[in-house]
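# Architecture at a glance
The chain contents come next:
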Amino acid sequence: MKQQQTTGPQTDIESDNLTQETPTPIDQAVDQPIDQAADQSESSSKAPRRRASANQMAAAQKEISVSEFFAKNRHLLGVDNPRKSLLTTVKGAVDNSLDACEEAGILPEIWVHVEETGTNRYKVGVQDNGPGIIRKQIPLIFGKLLYGSKFHRLRMSRGQQGIGISAAGMYGLLTTGKPVKIVSKVSPRTPAHYYVIRMDTRLNRPDILNGDGNGEEIPPNDTGRKMVAAQEIEWIEVTHGTRVTIELEAKYQRGRGSVDEYLEQAAIANPHVVFHYTDPEGNETVYARGIEELPPEPVEIKPHPYGVELGRLITMALETKEPTLGRFLCESFSRVSKSIAKELCERSKISVRSNPQSLSRDELEKLYGAIAETRIPAPATDCIIPIGEENILTGLHKVVPGEFFVAATRPPAVYRGNPFQIEVGLAYGGGPSTQKVSRESLREMLDESDARTVRQFLSQSFDGIGTDAADKIIKNAKIRPRVSPPKISPKEFEALLETLKTLNLAEGQTMNVYRYANRVPLQFQAGACLITQSIMQMNWRSYGLQQSKNQLPRGPLTVMVHLASVWVPFTSESKEAIAAYPEIQKELRLALQTVGRKLGMFLSRREKVKQEGERRSVFLRYLNEVAKALGDIRGEESGDIYMNLFNVAKQKTSVADMKIGEDGKPVIEENVDFGDHVLIVESNV
């Protein structure tokens, strides 16, 4: 057993394990072929692989720019596939245009043009009638990530991070190599600025390609018009405004998640805007302005103490120019008065006259703890501007078909010191979107669809069509369930078109959910969003709707939810879903319950009218025979008896004659009141 001896110290357990399980090097060599053993002997004599030294590792380290990071991780920006990239580009440009117009006090008018330039290549142009952009700011806004004026402001705005439009330009450059083109005009008497910009992702800075690196000026006269025509500059003649043109690799498709759907939903939340939209086929659509008034301008507020973390508090104390701690607390935070500042100093046992820059970390941590223990009023809410119930009703009625509309706006609330407000609009009734599809549109949608089956195509392309309704359509049209959409036969196509136009889908139709954050539609990652999760967790059966557990309710129903806040808690940089905060979830649930109760009243009253109408029809069916029999018995004219019985039947079923006005209240005297902010267009009962 000398072969099992080791040269170093060893425990008894290690010796036993080695004896029982571990073969010795000699044993291994005996069991192996001679050539293999020789190869191992030769490799073992080689020097071990050289490891990197600390100096070599330090030399390999280098800084990367934020644009270079996002260029390699563009899925974080919502441009991870061609279809989403087209929508994200339009969305980023439109959001900037709306913010600029509203901040300048101009009723917005937006032109959106999407043009196909090649296979899976599209050119997007978005122009507004806003205040324009001064010359030196244009390259920075469109050619540099994380550059903007809204990140540090605590007030409601659509854009916040300075990423959207510059990221779209970066994506266009990566996929097509084409630069971004910008035209901006600030006055009818001054030249327009024309820039062709390419982003340097390594340094996160713009490279200006025209005008010897300085851009070009377009004169405000016939000379300028000739220049626009000669250089084929895309520009709609306005006195002031901005246009951005980006060519990118993309895919255009109608239905859910499309540019068409985005603009339709944006028109609901922004009834003060005119949208001119030209799709890749040259079709022009105008979403007219519903109201001739701008929403009130939000007011910027200071951070609230409840929303500041310890590290941020330390940084603010080091950077402040206030001489005393009391002044620092009053001037740097919202809702901190002199008395509250004094209470905070007393709780943390720090003099109110201390210099905030000289405070130690322990003292600031005590101050941070005192903030959590002190009752401080909620921040002001004039920094957020809701859409309003009447405007929600106007927007929904303009775009969504239905017979019953209701809206509710909750009082402002706070999460982590940030004010927010929840609004909900609901539309019930109206035919499903499948009944509006034409033969040409359906053929094109099938050919362009990337869905694997017709069932998946129906669920993805039409609002409110869930899996049950899709199965119902396929069964009625007798289509092969697993056939690819572009490969359905002419006979199946005709059957599908006819079924979509005639089949009653009210029972299988699922609720449409329109999600908004600061008036901006959210169209992707619905399952990860707090709004969708809250709607599915509600018990809609108590309001007269059909619903499976943890699923969206069924019926011809559209719900829009708007979250207005100074800082929307998105789950990612792509801004497609809202994170689950208990305070937001509570307010959302209360708003949904408010509109749900009014819907339940409407459906209950409508069902009662229907039942009374059926009851009256039973009376009338036998009334003539009963009148004749009574006339024979009493020796009277049956006509008089019939009219008397008819009046009795009509009185007993008087609810069937109830008519409801557009204010949601019965026209005849009836003890029913749906409350305020209700619009009833038609009652088909």
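What this report covers is the structure whose coordinates are included nearby.

Reading the values: the criteria
Residues numbered from 1 in each chain as written. Predicted model: local features only at pLDDT ≥ 70, side-chain atom pairs only at ≥ 80, totals over all residues. Heavy atoms only, no water. Helix = DSSP H or I, 4+ residues; strand = E, 2+ residues; numbered from the N terminus. Areas by Shrake-Rupley, 256 points an atom, 1.4 Å probe, with all protein chains shown as cover. Buried < 20%, exposed > 50% of the residue type's maximum accessible area, 1.4 Å probe, protein only. Arc of directions from axis to C-beta. Contact = heavy atoms within 4.5 Å. Pairing = 2+ DSSP bridges. Core = buried A, V, L, I, M, F, W, Y, C linked by side-chain atoms within 4.5 Å. Disulfide = S-S within 2.5 Å. Patch = residues over 30% accessible without salt bridge, like charges linked within 9 Å, V, L, I, M, F, W, Y side chains within 5 Å. Salt bridge = Lys/Arg side-chain N within 4 Å of Asp/Glu carboxyl O. Axes fitted to C-alpha atoms, helices over the stretch in contact; angles between N-to-C directions. Parallel < 35°, antiparallel > 145°, perpendicular 65-115°, else oblique. Left-handed = near helix turned anticlockwise from the far one by under 90°. Phe/Tyr/Trp six-rings, centres within 6.5 Å; stacked < 30°, edge-to-face > 60°.

## So, the overall build of the protein
- Secondary structure assignment for the protein yields 22 helices and 16 strands.
- Surface exposure of the protein reaches about 35,200 Å², of which carbon and sulfur atoms provide 49%.

## Digging into helix α13 (residues 338-348)
- For α13, every residue scored as buried is listed here: Ile340, Ala341, Leu344, Cys345 and Ser348. The buried side chains of α13 occupy one side of the element, clustering within an arc of 140° when seen end-on. Opposite its buried face, α13 presents the exposed residues Lys338, Ser339, Lys342 and Glu346, each directed more than 90 degrees away.
- Contact partners of the buried residues in α13: α12 (325-332) and α14 (361-373).

## Remarks on unusual backbone geometry
- Not every positive phi belongs to a glycine, and glutamate 232 is a case in point at roughly 55°.
- With respect to the helices, strands and loops of the structure, glutamate 232 is situated in the loop between α9 (222-230) and β7 (241-249).
- Phi is positive for asparagine 518, which is not a glycine, with a value near 50°.
- Position of asparagine 518 relative to the elements: it lies in the loop between β13 (512-517) and β14 (520-522).
- You can call asparagine 518 buried: its relative accessible area is 2%.

## Some thoughts on the pairing of strand β10 (residues 404-409)
- In terms of burial, β10 is largely enclosed, as five of its six residues are buried.
- Examined bridge by bridge, β10 and strand β16 (residues 678-680) share three bridges and lie antiparallel to one another. Of the residues in β16, the one forming a bridge with valine 406 is valine 678.

## A few points about the pairing of strand β4 (residues 192-200)
- Here β4 lies mainly inside the structure; eight of its nine residues are buried.
- Judged from the five bridges that link them, strand β3 (residues 180-185) and β4 form a sheet pairing that is antiparallel. By the bridge assignment, valine 180 is partnered in β4 with isoleucine 197.
- Taken together, β3 and the strand that follows it, β4, pair antiparallel across an intervening segment of six residues.
- The pairing of β4 with strand β6 (residues 216-218) spans three bridges and is antiparallel. Across the sheet, residue histidine 193 finds its bridge partner in β6, namely glutamate 217.
- Here β4 runs beside strand β5 (residues 205-208); their pairing, made up of four bridges, is antiparallel. The residue bridging methionine 199 from the neighbouring strand is proline 206, located in β5.
- Where β4 folds back onto β5 in an antiparallel hairpin, the turn is made up of four residues, including asparagine 204, whose phi is positive at roughly 50°.

## Here we look at the nonpolar core
- Phe404, Val424, Leu426, Tyr428, Trp540 and Leu592 are the most contacted members of the largest nonpolar core, which totals 39 residues.
- If you tally residues by element for this core, the top one is helix α21 (residues 582-634), at eight residues.
- Sequence-distant contacts of tyrosine 428, that is, excluding residues within four places in its chain, are made with Gly402, Glu403, Phe404, Leu545, Pro556, Leu557, Leu599, Phe602, Leu603 and Arg606.

## Overview of the state of the cysteines
- One pass over the structure, following the stated rule, counts zero disulfides.
- You can see cysteine 330 has no disulfide; the closest cysteine sulfur is in cysteine 345, sitting 8.8 Å from it.

## Some thoughts on a nonpolar patch on the surface
- Taken together, the side chains of Val626, Leu630 and Ile633 make up a nonpolar region of the molecular surface, amounting to roughly 270 Å² of accessible area.
- With respect to the helices and strands, the residue valine 626 is situated in helix α21.
- What makes valine 626 partly exposed here is its relative accessible area of 40%.

## Let's talk about the packing of helix α11 (residues 310-319) against α14
- Direction vectors running N to C along α11 and α14 enclose 120°, while the axes themselves pass 10 Å from each other. Classified by the interaxial angle, the pair formed by α11 and α14 is oblique. In terms of crossing hand, the pair formed by α11 and α14 is right-handed. Contact with α11, carried on its side by Leu310, Leu313, Ile314 and Ala317, involves Arg361, Leu364, Glu365, Leu367 and Tyr368 of α14 and no other residues of that element.

## What to know about the packing of aromatic side chains
- Applying the stated criterion across every chain yields a total of six aromatic pairs.
- With 5.0 Å between their ring centres and 50° between their planes, tyrosine 415 and tyrosine 581 make a pair best called tilted. Of this pair, tyrosine 415 sits in strand β11 (residues 413-415) while tyrosine 581 sits in the loop between β15 (557-565) and α21, placing them 166 residues apart in sequence.
- Ring centres 6.0 Å apart and planes at 70° place the aromatic pair tryptophan 540 and tyrosine 543 in the edge-to-face group.
- According to the relative accessible area criterion, tryptophan 540 is buried, its value standing at 0%.
- What makes tyrosine 543 buried here is its relative accessible area of 13%.

## Regarding the pattern of salt bridges
- Inspection of every chain in the model, using the stated rule, returns 18 salt bridges.
- Measuring nitrogen to oxygen at the nearest pair gives 3.7 Å for the salt bridge that ties glutamate 373 to arginine 347. Placement of the pair is glutamate 373 in helix α14 and arginine 347 in helix α13, with a sequence separation of 26 residues.
- Residue glutamate 587 is joined to arginine 410 by a salt bridge in which the shortest nitrogen-to-oxygen separation is 2.9 Å. Of this pair, glutamate 587 sits in helix α21 while arginine 410 is found in the loop between β10 and β11, placing the two residues 177 residues apart along the sequence.
- In this structure arginine 410 comes out as partly exposed when scored by relative accessible area, which is 22%.
- Each of the salt bridges in this network shares a partner with another, and the network as a whole consists of Glu115, Lys123, Glu234 and Arg243.

None of this, on its own, says anything about what the molecule does.
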